[in-house]
Amino acid sequence: MLLPEINKERLPRHIAIIMDGNGRWAKQRGKIRVFGHEQGARSVREITENCAELGIKHLTLYAFSTENWKRPKLEVQTLMKLLISSLRKEINTLQDNNIRLSAIGNLDALPAKVKNELLDVIERTGANNQMTLTLALSYGSREEIINMAKAVSAKVKNNIISSDNIDEYVINQHLYTRDLPDVDLLIRTSGEQRISNFLLWQIAYAELYFTDVLWPDFSKTDLYQAIADYQSRERRFGKTSEQLT
Ligand code: IPE
Ligand code: IPE
Ligand code: MG
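Residues numbered from 1 in each chain as written. Chains lettered and ligands numbered in written order. Predicted model: local features only at pLDDT ≥ 70, side-chain atom pairs only at ≥ 80, totals over all residues. Heavy atoms only, no water.

1. Quick notes on the environment of Met-1
- Mapped onto the elements of the fold, Met-1 is located in the segment before β1 (14–18).
- Taking the C-alpha atoms as reference points, Met-1 and Thr-221, separated by 220 residues in sequence, lie 7.8 Å from one another. (Helix = DSSP H or I, 4+ residues; strand = E, 2+ residues; numbered from the N terminus.)

Structural data, given as structure tokens:
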């Protein structure tokens, strides 16, 4: 199939994806939900490679939300196991493609095995610089904002910063995403049109792209489609169209 045409000069610097629809993908095939998550892991590898190859600098994937802990115990356990095996398996993919791994979220809430594996891969890929792949794990944007508020107010209380000096930069520096630029393009698969507690502050001016494709089916063509759509839009950031030219 022909890939949609993309202008390499105008790539989104930061793509974030809400990878949704694994459960429904499995259900459509009469399989258990976990089967969908396994297929979803394959899409993660493919899309990560495609983004790096294309020249995307930052890819952030929503893999497990703070709310996902409420799922059946068996599903949560399997997802955690899948994370460990994927990290072990994909370390070579990351090295081969010069990709640095990073993570955002409450990593302390993860089982020790997952956290250790994660930190190991983060350390081993630390010098890679083609692209940063950030996994959002046990991530919730409201929790992130609460933690930021606590950290900033503690600094105000201890006279490290003055409340008069709190600005966007200060807020950014106290979020999990302190090292990342704002999101340019947010993609959600599976037809749901909601944010589900993902990067609320960071998507203030992101272009939103929703597709009915379920995550395990999300292909290189779908990725290119999303980027081509992004490139067809005019990002005005509050200005008028005339001001941009
Ligand atoms: C996304 O797929 C993966 C996670 C949230 C971990 P879902 O598991 O939410 O799949 P659906 O939405 O039930 O189809
Ligand atoms: C959002 O998907 C979280 C991830 C993709 C990790 P959900 O499937 O959990 O979202 P809701 O519950 O349908 O909003
Ligand atoms: Mg879902």
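2. Thoughts on the site of ligand 2
- In the vicinity of ligand 2, the contacting residues are Ile-18, Met-19, Asp-20, Tyr-62, Ala-63, Phe-64, Asn-68, Arg-71, Arg-188, Arg-194 and Ser-196.
- Here an oxygen atom of ligand 2 sits 2.9 Å away from a polar atom, N or O, in the side chain of Asn-68.
- Between ligand 2 and the protein, one listed contact pairs an oxygen atom with a side-chain N or O atom of Arg-188 at 3.3 Å.
- Protein coverage of the free-state accessible area of ligand 2, which is 390 Å², stands at 77%. (Near = heavy atom within 4 Å. Polar contact = N/O pair within 3.5 Å; in protein donor to acceptor, adjacent residues only side chain to side chain. Areas by Shrake-Rupley, 256 points an atom, 1.4 Å probe, with all protein chains shown as cover.)

3. As for the packing of helix α2 (residues 33–54) against helix α7 (residues 220–231)
- The geometry of α2 relative to α7 is characterised by a closest axis approach of 10 Å and an angle of 50° between their N-to-C directions. Between α2 and α7, the crossing angle belongs to the class labelled oblique. Along this stretch, α2 crosses α7, giving a crossing that reads as right-handed. Along the contact surface, α2 presents Ile-47, Asn-50, Cys-51, Glu-53 and Leu-54, while α7 presents Lys-220, Leu-223, Tyr-224 and Ile-227. (Axes fitted to C-alpha atoms, helices over the stretch in contact; angles between N-to-C directions. Parallel < 35°, antiparallel > 145°, perpendicular 65-115°, else oblique. Left-handed = near helix turned anticlockwise from the far one by under 90°. Contact = heavy atoms within 4.5 Å.)

4. Side note on unusual backbone geometry
- Its identity as a non-glycine residue notwithstanding, Asn-98 has a phi of 60°, on the positive side.
- Look at Asn-98 and you get partly exposed, because its relative accessible area is 27%.
- Positive phi is not limited to glycine here, since Ser-138 has a value of about 50°. (Buried < 20%, exposed > 50% of the residue type's maximum accessible area, 1.4 Å probe, protein only.)

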